[in-house]
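Structural overview for review
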Amino acid sequence: MTAPMQTLLDQIAAKARPLAAEGKPAQYIPALARVDPTKFGMALITAEGEEFTVGDADEPFSIQSISKLFSLALAMEWVKEELWDRVDREPSGMRFNSLIQLETEHGKPRNPFINAGAIVVADALYHRRPNIEWGFRNQMRLLARDEAVTYDLEVHRSEIATGDLNRAIAFVLKAYGNLREDPLDVTRAYFKFCSMAMSARQLARAAMFLVAPQENDAAPAHGQSAPRLHALMRTCGLYDQSGEFAFQVGLPGKSGVGGGILAVDPGKYAVVAWSPPLDRYGNSIAATAALELLVQGGGA
Ligand code: GLU
C-alpha cells in the first residue's frame, strides 16, 4: 500500500461513497428499506491491533448474511465433520435464497453461506442449544470485545413478517430429512442471527480470529477453522458474484444485504466496509468499490 493507511481510507471513502447512488438498500425487508442510503463507514484493523476508520464506522448496521460466517464458525466448533454430511462446499451460482436448487439437489444446500445452508447451520446450533440466540449474541460480544453488541429487534420482526421464502426453504429441508428441529423455530433463530446490529469497527474486531491467532481468544477453536472459513469466503462469500469479487478484490470476504462486506487479508488485517445501497446480486456497491480500491492501494 502506497499512502499511509488513514490517508488511504479517506481517499477511498471520497471515491467510493458517491457510487452508492447507483443502487438501493434491500427492499424486501421493510426495516432495511428505511435505512439512510447515504451512510458509509469503513474500519480496518491490522494484525498488530492498530485501528483505522472513516465515515460512519461506529454506527451499528444490520449484519445480515455476515452472521453466517460466525454461526458457521460456531457450528464447525460444536458439530465438527458431521456438519458436512448436511451441507456442501461448492459455489451455488444462483441467488442466495433460491428454492429451485435446493429442490433439484434433494435438500442438501450447496454451501453454508446461501440461506438454505445457513438454515441447516442454525438448525445444528438450535438442536444443541435451544437458547442459541443468546449464545450467539454472547459469542459476538466476546469476539468484538464489546458488551453493547446486540440484536435489532425491529429488523428481526420485519424479517419474521416477510420471511416466507426462508420458511419455505426450511420446510423443504425438513421434507428431505435435513432439518432436525421445527422449521418455524429454526427460521426464527436464523432471522435473529441476521438481525445482529454491529458497527464496522465492532465487526472488524470480531473477525480478527480470521487474521491471526488471538491472545486470550474468546473462541480458540474458531482460529483452527480459519483456513476453511477463508476457503468458503473466497468461493461462496459474495453470493453469485463470488468469482467476480475474487477476481477484483482477491480477499476472502462475506457480504450481507444490510450493505456490509467483511474481508480479511490473513496475517495482515480485517476490514469492513458498509454502505446500504445494493447491486442486483445483493452486494453493496460502494463497499465493493471501497475494497477494490483498498487492494489497489487507493486506485489511480
Ligand atoms: N436475512 C436475510 C435473508 O434471509 C439475509 C440475506 C443476506 O444478507 O444475504 O433473506
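This text gives an overview of the structure that appears in the document. (Residues numbered from 1 in each chain as written. Predicted model: local features only at pLDDT ≥ 70, side-chain atom pairs only at ≥ 80, totals over all residues. Heavy atoms only, no water.)

Digging into the packing of aromatic side chains
Two descriptors summarise a pair of aromatic rings, namely the distance from one centre to the other and the angle between the planes of the rings. To be explicit about the condition: Any two of the Phe, Tyr and Trp rings considered here, Trp counted by its six-membered ring, make a pair once their centres fall within 6.5 Å; the pair's planes then place it as stacked at under 30 degrees, edge-to-face at over 60, or tilted in between. Counting from the N terminus, the helices are the DSSP runs of H or I reaching at least four residues and the strands are the DSSP runs of E reaching at least two. Buried residues are those whose accessible area, probed at 1.4 Å on protein chains only, stays under 20% of the maximum for their type, while exposed residues exceed 50% and partly exposed ones sit between those limits.
In this structure the tally under the stated criterion is seven aromatic pairs. Between the aromatic rings of Phe136 and Phe193, the centroid separation amounts to 4.4 Å while the plane-to-plane angle is 35°, which identifies the pairing as tilted. Here Phe136, found in helix α6 (residues 132–144), pairs with Phe193, found in helix α9 (residues 183–194); they are 57 residues apart in sequence, far enough to count as distant. Look at Phe136 and you get buried, because its relative accessible area is 0%. Given the relative accessible area of 2%, Phe193 is considered buried.

Topic: α9
Rules: Take the residue count of a helix, subtract one, and multiply by 1.5 Å to get its expected span.
With 12 residues, α9 extends 16 Å between its outermost C-alpha atoms, agreeing within 8% with the 16 Å of an ideal straight helix rising 1.5 Å per residue. Counted residue by residue, α9 has nine buried out of 12 residues, so it is predominantly covered.

Considerations on the side chain of Asp123
Using the following cut-off: The term polar contact refers here to a pair of N or O atoms within 3.5 Å; inside protein, the definition further demands a hydrogen-donor-capable atom paired with an acceptor-capable atom, and it admits residues adjacent in sequence only when both atoms are side-chain atoms. We call two residues in contact when some of their heavy atoms are within 4.5 Å.
With respect to the element layout, Asp123 can be found in helix α5 (residues 115–128). Here Glu181 takes part through its backbone nitrogen, which lies 2.8 Å from a polar atom of the side chain of Asp123. Beyond its immediate stretch of four places on either side in the chain, Asp123 contacts Arg86, Leu179, Arg180, Glu181 and Val186.

Structural notes on the sheet that holds strand β4 (residues 150–151)
This is how the line gets drawn: Each pair of strands is called paired provided DSSP finds at least two bridges between the two strands.
Pairing is antiparallel across the open sheet formed by three strands, whose spatial order is β3-β5-β4. In the strand order of this sheet, the two ends are held by β3 (61–62) and β4, each with one partner. Where β3 and strand β5 (residues 196–198) come together, two bridges link them in antiparallel fashion. Note that in β5 the partner of Phe61 across the bridge is Met198.

A short note on the state of the cysteines
Where we set the bar: What counts as a disulfide here is a pair of cysteine sulfur atoms lying within 2.5 Å.
Applying the stated rule across the entire model yields zero disulfides. Lacking any disulfide linkage, Cys194 is separated from the closest cysteine sulfur, that of Cys236, by 17 Å. Looking at Cys236, the relative accessible area reads 5%, which means it is buried.

Details of the packing of helix α3 (residues 67–78) against α6
Any two packed helices are characterised by the angle at which their axes cross and by the distance between the axes. Quick note on the threshold: Interaxial angles span 0 to 180 degrees and are taken between N-to-C directions of axes, which are lines fitted to C-alpha atoms, for helices over the stretch in contact. For classification purposes, an angle smaller than 35 degrees is called roughly parallel, one larger than 145 roughly antiparallel, one from 65 to 115 roughly perpendicular, and anything else oblique. Side-chain classes are defined by residue name, with Ala, Val, Leu, Ile, Met, Phe, Trp, Tyr, Cys and Pro counting as nonpolar, Asp, Glu, Lys and Arg as charged, and the others, Gly among them, as polar.
Running from N to C, α3 and α6 cross one another at 105°; their axes reach a closest spacing of 11 Å. Relative to α6, the element α3 is oriented roughly perpendicular. Along its contact with α3, which presents Ser67, Phe70, Ser71, Leu74 and Trp78, the element α6 presents Ile132, Phe136, Gln139, Met140 and Leu143. Split by residue class, the contact of α3 with α6 holds seven nonpolar, three polar and no charged.

A look at the site of the ligand
To be explicit about the condition: What makes a residue near a molecule or strand is one non-hydrogen atom of that residue sitting within 4 Å of it.
Taken together, Tyr28, Gln64, Ser65, Phe96, Asn115, Glu159, Asn166, Tyr190, Cys194, Tyr239, Gly256 and Val257 make up all the residues around the ligand. Side-chain polar atom of Glu159 to a nitrogen atom of the ligand: 2.6 Å apart, as the coordinates give it. For the shell around the ligand, a count of residues per class yields six nonpolar, five polar and one charged.

So, the pattern of salt bridges
To keep it simple, the criterion reads: Counted as salt bridges are all cases of a side-chain nitrogen of Lys or Arg within 4 Å of a carboxyl oxygen of Asp or Glu.
Applying the stated criterion across every chain, the model contains 15 salt bridges. In this structure, the salt-bridge partner of Glu82 is Arg180, at a minimum N-O distance of 3.4 Å. Within this pair, whereas Glu82 is found in the loop between α3 and α4 (100–104), its partner Arg180 is found in the loop between α8 (164–175) and α9, the two being separated by 98 residues in sequence. On the basis of relative accessibility, which here comes to 44%, the residue Glu82 falls in the partly exposed class. Classification of Arg180 as partly exposed rests on a relative accessible area of 41%. A salt bridge links Asp164 to Arg167, with the shortest nitrogen-to-oxygen separation between them at 2.8 Å. Note that Asp164 and Arg167 are positioned in helix α8 at a spacing of three residues, about one turn of the helix.

Overview of the nonpolar core
Heads up, the condition is: Residues belong to one nonpolar core when they are buried, are Ala, Val, Leu, Ile, Met, Phe, Trp, Tyr or Cys, and are joined through side-chain atoms within 4.5 Å.
With 70 residues, the main nonpolar core has Phe70, Leu72, Leu83, Met198, Leu203, Leu210 and Leu262 as its most contacted residues. In terms of residue count, α5 provides more of this core than any other element does, nine residues in total. With sequence-adjacent residues up to four places away left out, Leu83 is seen in contact with Leu72, Ala75, Met76, Val121 and Ala124. Within the second largest apolar cluster, 28 residues are counted, among which are Leu9, Leu44, Ala290 and Leu291.

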